[in-house]
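Structural characterization, general
Take a look at the letters that make up each chain.
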Amino acid sequence: MEAVGSNLQTLDLPSSSLAERQAHAELMLNLEAKKIASSIDVPTLPHDIQSSLRAIGEPVRLFGENNANVRDRLRLCLARIEVAKRSGVETAASIPFEKAKQLLEREKEEGKQKEIQETQYSRASEELIKAREYISEFSISRARKRLDVERKRKWASQRKEQKRLLGSDHQVIEISNNNTDGQDEALVLLKDLEDLNKCCQDRYNRIKNITLEGSQYGDGRPLSAIATGRQPGVSTDPCLVATGGWTGSIKLWNGSSSALDLLSTKLMAHEDRIMGIAMYQGENHCHQLATASIDLTAKLWKISKTDDISMMPSEEGNHLGKGNIPNLYNIEEMALLKGHAARLCKVAYHPSGRFVGTTSFDHTWRLWDVEAGGKELLLQDGHWKEVYGIGFHSDGSLVSTTDFGSVVQVWDLRSGKSACHFLGHAMRVLCTEFSPNGFQLVTAGDDGTMKVWDLRQRKQYASIPAHSRLVTQIKFAHDNYGQNGEYIASCSFDGTGKVWSTRHWKLLSTLRGHEGKVMGIDVLDGTDAGIVTCGYDKTMKIWR
């Protein structure tokens, strides 16, 4: 206060009165701010909320605050600024409201421009273009054969139903013309359908009576992956069963024998645990094997019969007793697949055998060229969580990948685009398999359910409460040796394996025998048809 006359004096308010006045003004400001707070618009995204708080000079987060508390605090701060602006008072710990708003809008525009700039497409390499052309030709020819078989089976099924409705004396209608050849072909198709149904029913009856036939101690640490294979058209060769475990070793077993005789061992194939294993049934008595490990690498292996039978000591990790065991097969490394930035999860062969797909915790899956020595062809992102499961369509045109965000993606290998995606699992999705019929996809994961998706209608077809704990692996019966994908096997951390009918999606049999988690499962082919499993109890078991 200024003195006007000589008798006037200027007296400062005591500190207590000044503090009381400031506290009263702060209280009135808060009361007015709370009145208009509900009418203040605030951002909803966490990044925008943080930017707004920085713009007005407030802490981004206080101790103990959650996202809702931070948003409420921002709303109150903006209301205080608005009240101060209306009353003509400038608060010390803020900037003008218009400036903060302009800054937020400018950051949003910059973010949109940056997002637009980051959405780019890169031209495929010449190797990838040639691979897509090969996959297109390969898938078209296989799809043509598959659809031709399906049409004939559908036609035969319709004629059988028509014959049932009209009576047994009704003459079978020809496929095309009213001639003897058409009648003969129709009768052949009807007989094939009856044989298929009879074979399926016989197999279901066998599965319902399936029992544990053999068990073998597989490794010194838990077995985490298992795969089977047989030389096509060569019934004299045994069913090969390959296992991988936490020791990083690969072992081959005779699946045609209930004793599960050890055929070959590859010690320290990886530096760390093997998480995924796949086998491709090659030609000229030669198989291929692919493994994926948490040591950030995948490897391709060549399996062939050996002429010079070497002896491997039983003490080197196979625990099968004393003495030496003949090494009947050679396991030779073909290629090292290196490129993922995090641990690998699963590996799968393309139906042509020319390509291998791998998934990883780096949120990507990759496609590798086997014939080019394991050269990387495609690095595909698109998942926002760790990618785990992978499976190829029987035609070779599609690939399905799953992630920890409960998303199932289906990709078109011929164009590189996402064909569709499925949402429905409540938790992580760990495995995915295409049905040999070509139009169904089965997935399973942490929620213990198996979900069947219809690729034609792009929606869920069925949901099966399969297990009480997470499902580790699912496998369809192979589309050869008369199995025709008529059943699917699953295994779980609940200590069981189960076999399901794919015609009615009903439980056929439950496999109990492992002492703990069942880590892997696969189907045996041919006259030795059965199921093999491996578990956390370090054993593998065969069921027939």
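Above this note sits the structure.
What you see is a predicted model, and the numbers here were worked out from it, not measured in a lab. (Residues numbered from 1 in each chain as written. Predicted model: local features only at pLDDT ≥ 70, side-chain atom pairs only at ≥ 80, totals over all residues. Heavy atoms only, no water.)

Focus: the overall build of the protein
Applicable threshold: By the criteria applied, helices consist of DSSP H or I runs no shorter than four residues and strands consist of E runs no shorter than two, each listed in order from the N terminus. For every residue, the accessible area (1.4 Å probe, protein chains only) is compared with the maximum for its type, and the residue is labelled buried under 20%, exposed over 50%, or partly exposed between those bounds. By the convention used here, residues are in contact when the closest approach between their heavy atoms is within 4.5 Å. Note on areas: these come from Shrake-Rupley sampling with a 1.4 Å probe, and a residue is covered only by the protein chains present in the view.
Secondary structure assignment for the protein yields 6 helices and 28 strands. Considering the protein as a whole, with its 544 residues, one finds that 50% of them fall into the buried category. Long-range pairs, those at least 24 residues apart, make up 52% of the contacts in the protein between residues at least 6 apart in sequence. Roughly 28000 Å² of accessible area belongs to the protein as shown, and the carbon and sulfur atoms make up 49% of that amount.

A short note on the sheet that holds strand 10 (residues 344–349)
Rule in force here: Strand pairing follows a simple DSSP-based rule, namely that at least 2 bridges must link the two strands. Between N-to-C directions, angles cover 0 to 180 degrees, with each direction set by a line fitted to C-alpha atoms, over the stretch in contact for helices.
Strands sit in the order 10-11-12-13 across an open sheet of 4 strands; the sheet is antiparallel. The open sheet is flanked by strand 10 and strand 13 (375–380), the only strands paired with a single partner. On average, each strand axis in the sheet is tilted by 20° relative to the strand beside it, whichever way the strands run. Here 4 bridges tie strand 10 to strand 11 (residues 355–360), and the two strands are oriented antiparallel to one another. By the bridge assignment, Tyr349 is partnered in strand 11 with Val356. Packing of helix 5 (residues 126–166) onto the sheet brings it into contact with strand 11 and strand 13, and relative to strand 13 it is tilted by some 85°.

Considerations on the side chain of His393
Threshold: Polar contact criterion, stated in full: a pair of N or O atoms within 3.5 Å, where within protein one must be able to donate a hydrogen and the other to accept it, and residues adjacent in sequence count only if both atoms are side-chain atoms.
Mapped onto the elements, His393 comes out in the loop between strand 14 (387–392) and strand 15 (398–403). A distance of 2.9 Å separates the side chain of His393 from the backbone nitrogen of Asp395, its partner in a polar contact. Filtering out sequence-adjacent residues up to four positions away, His393 remains in contact with Arg146, Pro351, Leu398, Phe434, Gly438 and Leu455.

Remarks on the nonpolar core
For clarity, the threshold we go by: In this text, buried Ala, Val, Leu, Ile, Met, Phe, Trp, Tyr and Cys residues form a nonpolar core when linked through side-chain atoms within 4.5 Å.
Grouped together as the largest cluster of nonpolar side chains are 21 residues, with contacts concentrated most on Ile226, Val241, Tyr388, Leu524, Val532, Cys534 and Met540. For this core, the secondary-structure elements that each account for two or more residues are strand 2 (223–229), strand 26 (518–524), strand 27 (530–535) and strand 28 (539–543). Residue contacts for Tyr388: discarding those within four places in its chain leaves Met275, Cys345, Lys346, Thr359, Phe361, Thr402, Asp403, Phe404, Val429 and Leu430.

Describing the sheet that holds strand 22 (residues 471–476)
One open sheet accounts for 4 strands, arranged 22-23-24-25; its pairing is antiparallel. Edge positions in the open sheet fall to strand 22 and strand 25 (507–512), since each of these has one partner strand only. Within the sheet, the average angular offset between the axes of one strand and its neighbour, ignoring direction, is 15°. The pairing of strand 23 (residues 487–492) with strand 24 (residues 496–501) spans 5 bridges and is antiparallel. Along strand 24, the bridge assignment pairs Ile488 with Trp500.

A short note on the pattern of salt bridges
Side chains that carry opposite charge are capable of pairing whenever their charged atoms lie near each other. Using the following cut-off: One speaks of a salt bridge when a side-chain nitrogen belonging to Lys or Arg is within 4 Å of a carboxyl oxygen belonging to Asp or Glu.
A complete count under the given rule lists 17 salt bridges for this structure. Among the ionic pairs, Asp148 bridges to Lys152, the shortest N-O distance being 3.6 Å. One end of the pair, Asp148, and the other, Lys152, are both in helix 5, 4 residues apart, so they sit about a helical turn from each other. Using a relative accessible area of 35% as the deciding quantity, one classes Lys152 as partly exposed. For Asp362, the salt bridge goes to Arg366, with nearest N and O atoms at 3.7 Å. A single burial state applies to Asp362 and to Arg366, both of which are buried.

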